[in-house]
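# An overview of the molecular structure
Residues per chain are reported as follows:
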Amino acid sequence: MNSQFCAASSICSYTDNFTVACKMLESILIQVIMKALEVYGLSAKHWNHPDLKAAREYPSENFAAFICNLNQHWFTIRKIGLQWFNIDSCKSGPTLISDTYLEVYLKQVELEGYTVFVVLGNLPYCQADEVLTKTPLDPSLYNATNSSKKKNRSKDSKPAPLPDVKTESVEEIRRKRLAKFCGESSSVSSESQANEPSVKPIDEGSSLQGEEITISQEDSDLDRAIALSLQQL
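Residues numbered from 1 in each chain as written. Predicted model: local features only at pLDDT ≥ 70, side-chain atom pairs only at ≥ 80, totals over all residues. Heavy atoms only, no water.

## A closer look at the overall build of the protein chain
Along the backbone of the protein chain there are 7 helices and 6 strands. Starting at the N terminus and ending at the C terminus, the protein chain contains elements arranged as α-β-α-β-β-β-β-α-β-α-α-α-α. For the protein chain, buried positions account for 18% of its 233 residues. Sequence-distant contacts in the protein chain: of pairs separated by 6 or more residues, those separated by 24 or more amount to 59%. (Helix = DSSP H or I, 4+ residues; strand = E, 2+ residues; numbered from the N terminus. Buried < 20%, exposed > 50% of the residue type's maximum accessible area, 1.4 Å probe, protein only. Contact = heavy atoms within 4.5 Å.)

Following this line, the structure appears as C-alpha cells:
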C-alpha cells in the first residue's frame with residue numbers, strides 16, 4: 001500500500017510540475033510574441049479583457065486579427081482584404097470564415113481550450129489585402145477547391161499495396177538446400193574424375209608372357225656359361 005501511495009503521489013507531482021512548466025513556457029512565449037508585435041507597432045490583449053467588452057459584440061468590424069494558443073500549438077485568424085481566414089499550419093491551407101461565423105468560431109475555439117488574444121493596431125501592408133479587396137474570393141468555390149485538394153492529398157498519402165510474397169515452410173527450405181548441396185557435390189566429383197590422368201588397364205596375359213620370355217633367356221644364358229666352363233677344364 002505504501003509503495004502504491006508513493007507511486008500515485010509521484011505521478012501527481014509529476015503532472016503538477018508538467019502543468020506548471022507548460023504554463024511557464026506559455027507565458028514566456030506570450031511575452032516573446034508581445035515583443036514581436038511591438039516591432040510593428042501592434043499590441044495584444046486577452047479576448048475576455050474588460051476593455052474589449054463592447055468591441056466583442058462585432059468582432060468582424062472592430063478587430064483585424066486574433067492569435068490562438070493551446071499548449072504548443074499557435075495559429076492566427078486574420079482579415080485579408082474584406083474576408084477572414086483561419087491560418088493554421090495543421091490544416092491543408094487557409095480556411096475562409098464568413099463575418100457571421102467568426103464570432104461563433106471564436107467561442108468554439110475557446111470551448112476547445114484555446115486562449116484567444118486580440119491583436120490591436122493597424123496591420124502592416126500586405127499585397128494580398130489589395131488583391132482580395134478588389135476581387136474577393138467566392139466562398140463556395142474556394143471551400144470546394146480546398147476540400148478537393150484535401151481529398152487528393154489523402155488519396156495520394158495512402159501507402160501502396162504490398163506485393164504478394166510466397167512463403168515457404170522450413171522443410172521446403174531444407175529440402176531445396178539439400179538438393180542444391182547434392183548437385184554441387186556430384187558436379188565436383190564428376191569434374192575431379194574428368195581431370196584425373198587416364199591409366200590404361202593392365203593385361204594379365206601379356207604380363208605373364210613377358211615373364212616367361214625373361215625366364216627362358218636366363219636359362220639359355222646359364223647353359224651357355226656352363227658349357228664354356230667345361231671347355232676350359
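Now that the structure is up, let's keep going.
## So, the side chain of Arg56
Among the structural elements, Arg56 can be located in the loop between β1 (43-46) and α2 (59-62). Lacking a salt bridge, the buried Arg56 has Glu110 as its closest oppositely charged neighbour, with an N-O distance of 7.4 Å. Setting aside chain neighbours within four positions, we find Arg56 in contact with Trp47, Asn48, His49, Phe63 and Glu103. (Lys, Arg positive; Asp, Glu negative; His and termini not counted. Salt bridge = Lys/Arg side-chain N within 4 Å of Asp/Glu carboxyl O.)

## Let's talk about the pattern of salt bridges
Going through the model one piece at a time under the given rule, you end up with 3 salt bridges. With a shortest N-O distance of 3.1 Å, Lys45 and Asp51 are connected by a salt bridge. Note that Glu103 and Lys107 form a salt bridge whose closest N and O atoms lie 3.9 Å from each other. With a gap of 4 residues between them, Glu103 and Lys107 both fall in helix α3 (residues 99-111), about one helical turn apart.

## Observations regarding the nonpolar core
Ranked by internal contacts, the top residues of the largest apolar core, which has 17 residues, are Phe66 and Ile77. At the level of elements, β2 (65-70), β3 (73-80), α3 and β6 (115-120) are the ones that each hand at least two residues to this core. At 4 residues, α3 tops the list of elements feeding residues into this core. Every residue in contact with Phe66, bar those within four places of it in the chain, is listed here: Trp47, Pro59, Phe75, Thr76, Ile77, Trp84, Leu102, Leu106, Val116, Phe117, Val118 and Val119. (Core = buried A, V, L, I, M, F, W, Y, C linked by side-chain atoms within 4.5 Å.)

## Points about unusual backbone geometry
Of note in the backbone geometry, Asn71 takes a positive phi value of approximately 55 degrees without being a glycine. Its place among the elements puts Asn71 in the loop between β2 and β3.

## What about the sheet that holds β1?
On the basis of which strands lie adjacent, the open sheet formed by 6 strands has the order β1-β6-β2-β3-β4-β5 and antiparallel pairing. Bordering the open sheet on either side are β1 and β5 (95-97), each of which pairs with just one other strand. The sheet shows a mean angle of 25 degrees between the axes of neighbouring strands, taken without regard to direction. Pairing analysis gives 3 bridges linking strand β4 (residues 83-87) to β5, with the strands arranged antiparallel. Bridged to Trp84 within β5 is Ile97. Where helix α4 (residues 127-134) meets the sheet, its contacts fall on β3 and β4, and the angle it forms with β3 comes to roughly 50 degrees. (Pairing = 2+ DSSP bridges. Axes fitted to C-alpha atoms, helices over the stretch in contact; angles between N-to-C directions.)

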